[in-house]
Amino acid sequence: MSDCIFCKIANKEIDSKIVYEDESAVAFRDLSPQAPEHILIIPKKHIGGVNELTGGDAALMGHIMAEALPKLAKDLNIAESGYRVVINSGEDGQQTVKHLHVHLIGGRKMTWPPG
Ligand code: DGP
């Protein structure tokens, strides 16, 4: 999608600190980190958010959640200490970028409930 900032990051049209990439996903450091480790994992193809997911995206999301994310957590050395995985959706969910992204946040003790 031409006016999507995360598509531009995935296509290397704008700079970001990429920490992981494969054929279908890319992960980069959040511009406004909320913890020592704050990574965004996105599908390379444009999906606006959780509401736009279809059954055809099951393998892609399974790959992101079950392969890319655990590998990143391990590589960042937060797999054992723990971390939080967040997908914000829509206005009440405070989704600001309309390209599906999974927040991987760690490196400090989290609080609950979230604000
Ligand atoms: P959300 O509220 O779930 O839509 O989170 C969007 C996140 O994206 C937010 O934590 C800040 C981050 N972000 C926004 N624009 C950019 C950007 O251009 N580069 C990077 N690395 N992160 C961005």
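Residues numbered from 1 in each chain as written. Predicted model: local features only at pLDDT ≥ 70, side-chain atom pairs only at ≥ 80, totals over all residues. Heavy atoms only, no water.

Draft legend 1. Structural context of the packing of aromatic side chains. Tallied over the full model, the rule gives one aromatic pair. For the pair Phe6 and Phe28, a centre-to-centre distance of 5.2 Å together with 75 degrees between the ring planes defines the contact as edge-to-face. Pair noted here: Phe6 is in helix H1 (residues 5-10) and Phe28 is in strand S2 (residues 25-29), with a separation of 22 residues, a long-range link. Classification of Phe28 by relative accessible area gives buried; the value is 3%. (Phe/Tyr/Trp six-rings, centres within 6.5 Å; stacked < 30°, edge-to-face > 60°. Helix = DSSP H or I, 4+ residues; strand = E, 2+ residues; numbered from the N terminus. Buried < 20%, exposed > 50% of the residue type's maximum accessible area, 1.4 Å probe, protein only.)

Draft legend 2. Up close: the environment of Leu40. Among the secondary structure elements, Leu40 is positioned in strand S3 (residues 37-43). Spatially, the C-alpha atoms of Leu40 and Asp30 are 6.0 Å apart, while their sequence positions differ by ten residues. Discounting residues that sit within four places of it in the chain, Leu40 has contacts with Phe6, Val26, Ala27, Phe28, Asp30, His101, Val102 and His103. (Contact = heavy atoms within 4.5 Å.)

Draft legend 3. Up close: the site of the ligand. Close to the ligand lie 15 residues; Asp30, Asn88, Gln94, Thr96 and His103 are nearest. Take Leu31: an N or O atom from its main chain is 3.2 Å from a nitrogen atom of the ligand. In the environment of the ligand, an oxygen atom lies 2.8 Å from a nitrogen or oxygen atom belonging to the side chain of His103. The protein chains hide 84% of the 510 Å² of surface that the ligand would expose on its own. Counting residues per element, the ones that place at least two in the shell around the ligand are H1 and S2. Broken down by element, the shell around the ligand gets its largest block of residues, three residues, from H1. (Near = heavy atom within 4 Å. Polar contact = N/O pair within 3.5 Å; in protein donor to acceptor, adjacent residues only side chain to side chain. Areas by Shrake-Rupley, 256 points an atom, 1.4 Å probe, with all protein chains shown as cover.)

Geometric values such as these leave the question of function open.
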